[in-house]
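So you can see what is in the structure, the chains are spelled out below.
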Amino acid sequence: MSFSSKVLSIEKNGQVGILWLDREAKYNALSTELWSAIPQALDTLCEDGEIGAIILAGRGKHFCAGIDLVEDGLSEHKNAKARSKAEANIQQLANTQKFQAAITAIADCAVPVVAVVQGVCLGAGVDLITACDIRIASACSVFSVRETRLGLVADVGTLQRLPKILNAGHVAELAYTGKDIKADRAEKIGLVNDVYESAEATMDAGMALANEIAANSPMAVRGTKFILRKSENMTDEQSLMLNGMFTMMTSLQSNDLQEGIKAFAERRAPKFTGS
């Protein structure tokens, strides 16, 4: 895998790819350099045909302390060499859209992404995890949609994705107050699937979950994520039509399906090839 960054690193563990936020000294706060590297890192992992699932994690004691208020696009806006306020606003909007696209790259990743959270997950950290397919956390984790406490409106994904994860009342409470919630509350309201005693136990659980996903047919898993994503903006009728056509053209014609049926009949574990 060919990818290099001072603030983001990737590794491969069998069929699982791990994407590490790698600014431990800054609690993995999202600088422009960090979030800009996310799409390329994901592409590099997905281009490896053996990768069946990806873990998103943060180095050190904390997952992500939010946006880097010193190095992010807000500073760039203040320092932009613009000829007018209008031009400065256009420049800021363009930068925000790039940030949005970087977070959306997680949601659009062809394979499932599991967020493994420890320590703080604040502001833009919530943007990151809401773009993931599955979220698990250690008992020490703290979550906050922090933007209103800073005088900001969250604008890179949380307000769009959190309502698809939580009910309206919980979304409103978190977004309006900017309050911190602990891992047990996050699990209770459905923000995370499970909570584990330590960061180490959480990563072990994340690896086990990712390996469980990766053990299935790569074509079927990627196809399932494709249908789930596309169905978000479709009627049931439209989704069913897409689902039927997609399955007819892919998995029903695949070697993986034949292998799955044969393995079931022979009472053995299947050996999928993704073909």
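Provided above is the structure to which this section pertains.
Residues numbered from 1 in each chain as written. Predicted model: local features only at pLDDT ≥ 70, side-chain atom pairs only at ≥ 80, totals over all residues. Heavy atoms only, no water.

**Side note on the packing of helix α1 (residues 32-46) against helix α3 (residues 85-108)**
Relative orientation of the contacting elements α1 and α3 amounts to 35 degrees, with a least axis distance of 8 Å. At the point where α1 passes α3, the crossing takes the left-handed sense. Contact residues: W35, I38, P39 and L42 in α1; N95, K98, F99, A102, A105 and I106 in α3. Considered class by class, the residues forming the contact of α1 with α3 number eight nonpolar, one polar and one charged. (Axes fitted to C-alpha atoms, helices over the stretch in contact; angles between N-to-C directions. Helix = DSSP H or I, 4+ residues; strand = E, 2+ residues; numbered from the N terminus. Left-handed = near helix turned anticlockwise from the far one by under 90°. Contact = heavy atoms within 4.5 Å. Nonpolar A, V, L, I, M, F, W, Y, C, P; charged D, E, K, R; others polar.)

**Digging into the packing of aromatic side chains**
Tallied over the full model, the rule gives two aromatic pairs. Pairing W35 with F99 gives two aromatic rings, centres 4.6 Å apart and planes at 5 degrees, and the pair type is stacked. You can see W35 sitting in helix α1 and its partner F99 sitting in helix α3, a full 64 residues away along the chain. Residue W35 is classed as buried on the basis of its relative accessible area of 3%. Judged by centre distance (4.9 Å) and plane angle (20 degrees), the ring pair of F226 and F246 falls under stacked. With F226 in helix α10 (residues 218-231) and F246 in helix α11 (residues 236-249), this pair connects stretches of sequence that are 20 residues apart. For F226, a relative accessible area of 31% corresponds to the partly exposed category. Note that R59 overlies the ring of W20, its terminal NZ or CZ placed 4.2 Å from the centroid. (Phe/Tyr/Trp six-rings, centres within 6.5 Å; stacked < 30°, edge-to-face > 60°. Buried < 20%, exposed > 50% of the residue type's maximum accessible area, 1.4 Å probe, protein only. Lys NZ or Arg CZ within 6 Å of the ring centre and 35° of its normal.)

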